[in-house]
Each structure stands twice: as structure tokens, then as C-alpha cells.
Amino acid sequence: MTQINSKQLPEHVAIIMDGNGRWAKRKGLNRIRGHRKGADTVRKIVTFSREIGIRWLTLYAFSEENWKRPALEVQALMKLLNLFLKNELKEMQENGIQLKTIGRTARLPKTTRQILQDTIDKTSSNSDMTLTLALSYGGRQEILDAILKIVSQIEENKISTSDITEKLVSNSLYTSGMPDPDLLIRTSGEYRISNFLLWQISYSEIYITPTLWPDFGENEYEKALKDYQMRDRRFGARG
Ligand code: FPP
């Protein structure tokens, strides 16, 4: 079997983690059990990414649309997030992992916001890998927030319309300062983007697997990375 070429790794991997509910249903379990197993996969994939040398890992953990789920499920997801952050702080510190968030995080419950801020502060000088959690995140909302930011800078005479470039838009997004994802992975076989990183994935390679997120492991991840390494990325230019 071919090995992953460590010199051609994607710099930034973004993942739409989908299928926790279906995993639970297939096993006759409650959806929350699926999310719990999904959180175990998050741990594995974060550790593996760091081990193989991925520089940026961005996970779609909670979308703006996810607020419409039953309150008990939302609460369970927040609890799992709190637990993940508390349990993983040591690992992040030991392995040089910095935590970032993107999304309208002000909507998150106070305890979650506090734990997030604490983890962000404590890991801010780590520089081997950046783990970004998309929380209360929506791609359209992000673009809208960027537009509002740019308009208010124009109104305050800080910039003029001629300053609006692709670079300014990129720098006005929540992901400002991050490279665009090279590889976007989606689990559970749906061929959808689901409002994730709409601006940033213009040239990303997309890998979709039918595997449900709780069953996604190192082997499947390696398969996605090898598949990525076979692609011929031309960014719209002629081959
Ligand atoms: C999709 O499953 C998954 C989510 C709603 C978000 C991902 C959440 C986790 C992996 C759990 C905890 C997260 C962290 C960061 C510790 P789904 O419920 O939409 O699955 P379905 O489409 O099969 O119903």
C-alpha cells in the first residue's frame, strides 16, 4: 500500500463531521450516544493530524442551523464540547496545539464561552498545529459579517471602496490569517457543503466518504490524504 507523502501533505484540512445520529440509529441507540462516539473520533483525528504534521485542522462542530435541534440535544453537544476542551487541554499543551474558534460564538452558553476562552488563552503561544472549531458557524453569516465590517470601515473613512479586494474580504472573514483549506472531507456520504467555509473552499479538493463520523478513523483519514495526493491541483490554470 502506498504511504502518505509527508512532503505533499495538505497544509489545511477542514472536515464536515456528519453521521453521528445515523450511527446511533443503526445501533438502536439514542442520538446523544452517537455524538459521544463522535467526540471520541474528534480526539483521534486531532491527535493523528498533529502526529503526521497537518498544520491547520478545522472542524465543523456546530452550525448556526444546529440551534434548531431539540434543546436536550443542543445541551448534550455543549456538554460534550466542554468536556472535550477540559480533557484535551493537557494534550494540546504537550503537543503544541493552539485552539481557535470561528462562528458567532457569542450565542454559546456562558460556561462554554468561558472554557473556550480559557483554552484559547492557554494555548495561544502553541504553534505546531492550529485546531479551529467552527461553532455556531454559518458560511453565509460569515460573509455577511465581513460585509458589515467592511461597510463600517468605509463609513468611518478608514478605507475607501477602491480598497475592497479579494484579500480584504479574506482578511475580514472569521478565518482571517488562516490559509484556505487544501482538503475538505465530509463523512456519511452526503454531497453537500452545508454552509461551511463558502468563500474559503473555492479551490479546495473535496473528499466524501460514506463512513459515518463515529466510524471515521486513522485508516480512512489516511485514505483521504492519499487520495488528495493523487489529485492534480491547477487552481483554474491550464494543465
Ligand atoms: C453531525 O451528526 C454532527 C454534528 C451535529 C456536529 C459534530 C459534533 C460532534 C462530533 C460531537 C462533539 C464535538 C466536539 C468538538 C467534541 P448528525 O447528528 O447531523 O448526524 P445525522 O446526520 O446522522 O443525524
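A. Quick look at the side chain of serine 172. Within the element layout of this structure, serine 172 appears in helix α6 (residues 166-172). Looking at serine 172, the relative accessible area reads 8%, which means it is buried. At 2.6 Å, the side chain of serine 172 forms a polar contact with the backbone oxygen of leucine 168. Dropping the residues within four chain positions of it, serine 172 is found in contact with Ala146, Lys149 and Ile150.

B. Here's a closer look at the nonpolar core. In terms of nonpolar packing, the biggest core is built from 38 residues, with Val13, Ile15, Leu57, Leu59, Leu131, Ile185 and Tyr221 touching the most fellow members. Among the elements that make up this core, the one with the highest residue count is helix α3 (residues 71-94) (seven residues). Core analysis: the second largest hydrophobic core is formed by ten residues, Ala14, Tyr60, Phe196 and Ile201 among them.

C. Examining the packing of aromatic side chains more closely. Enumeration over the complete set of coordinates arrives at nine aromatic pairs. Seen from their ring centres, tyrosine 60 and tyrosine 137 are 5.8 Å apart, and the 85° between their planes marks the pair as edge-to-face. Taken together, the positions of tyrosine 60 in strand β2 (residues 56-63) and tyrosine 137 in strand β4 (residues 129-137) put the pair 77 residues apart, joining distant regions of the chain. Between tyrosine 60 and phenylalanine 196, the ring centres sit 4.2 Å apart and the planes meet at 10°, which makes this aromatic pair stacked. Residue tyrosine 60 is found in strand β2, and its partner phenylalanine 196 is found in the loop between β5 (183-186) and β6 (205-208); the two are separated by 136 residues along the sequence. Considered together, tyrosine 60 and phenylalanine 196 belong to a single accessibility category, that of buried residues. Through pairs of rings, three or more aromatic residues link up here, namely Phe48, Trp213, Phe216 and Tyr221. Its guanidinium or amino end placed over the ring of tryptophan 56, arginine 55 lies 4.7 Å from that ring's centre, counting from NZ or CZ.

D. Looking closely at α3. An ideal rise of 1.5 Å per residue puts 34 Å on 24 residues; α3 measures up with 35 Å between its terminal C-alpha atoms. Roughly 45° is the biggest bend found in α3, and it falls at glutamate 88. Of the residues one or two after α3, glycine 96 is the one with positive phi, at around 65°.

E. Structural context of a positive patch on the surface. Taken together, Arg26, Lys27, Lys37 and Lys44 make up a surface patch of like positive charges. Note that lysine 37 resides in helix α2 (residues 31-52). In this structure lysine 37 comes out as partly exposed when scored by relative accessible area, which is 31%.

F. Up close: α2. Compared with an ideal rise of 1.5 Å per residue, which puts 22 residues at 32 Å, α2 spans 31 Å between its outermost C-alpha atoms and is within 8% of the ideal. N-cap assignment for α2: the residue whose side-chain oxygen lies 2.7 Å from the backbone N of isoleucine 32 is asparagine 30.

G. Spatial organisation of the environment of valine 46. By secondary structure assignment, the location of valine 46 is in helix α2. With 83 residues separating them in the primary sequence, valine 46 and methionine 129 have C-alpha atoms 9.4 Å apart. Residues in contact with valine 46, not counting those within four places in the same chain, are Leu57, Leu59, Ile97, Met129 and Leu131.

The rules behind these values
- Residues numbered from 1 in each chain as written.
- Predicted model: local features only at pLDDT ≥ 70, side-chain atom pairs only at ≥ 80, totals over all residues.
- Heavy atoms only, no water.
- Helix = DSSP H or I, 4+ residues; strand = E, 2+ residues; numbered from the N terminus.
- Buried < 20%, exposed > 50% of the residue type's maximum accessible area, 1.4 Å probe, protein only.
- Polar contact = N/O pair within 3.5 Å; in protein donor to acceptor, adjacent residues only side chain to side chain.
- Contact = heavy atoms within 4.5 Å.
- Core = buried A, V, L, I, M, F, W, Y, C linked by side-chain atoms within 4.5 Å.
- Phe/Tyr/Trp six-rings, centres within 6.5 Å; stacked < 30°, edge-to-face > 60°.
- Lys NZ or Arg CZ within 6 Å of the ring centre and 35° of its normal.
- Expected span 1.5 Å × (residues − 1).
- Bend = angle between axes of the 7 residues up to and from the residue.
- Patch = residues over 30% accessible without salt bridge, like charges linked within 9 Å, V, L, I, M, F, W, Y side chains within 5 Å.
- Areas by Shrake-Rupley, 256 points an atom, 1.4 Å probe, with all protein chains shown as cover.
- Salt bridge = Lys/Arg side-chain N within 4 Å of Asp/Glu carboxyl O.
- Lys, Arg positive; Asp, Glu negative; His and termini not counted.
- Charge placed at Lys NZ, Arg CZ, Asp CG, Glu CD.

Keep in mind these values describe shape, not function.
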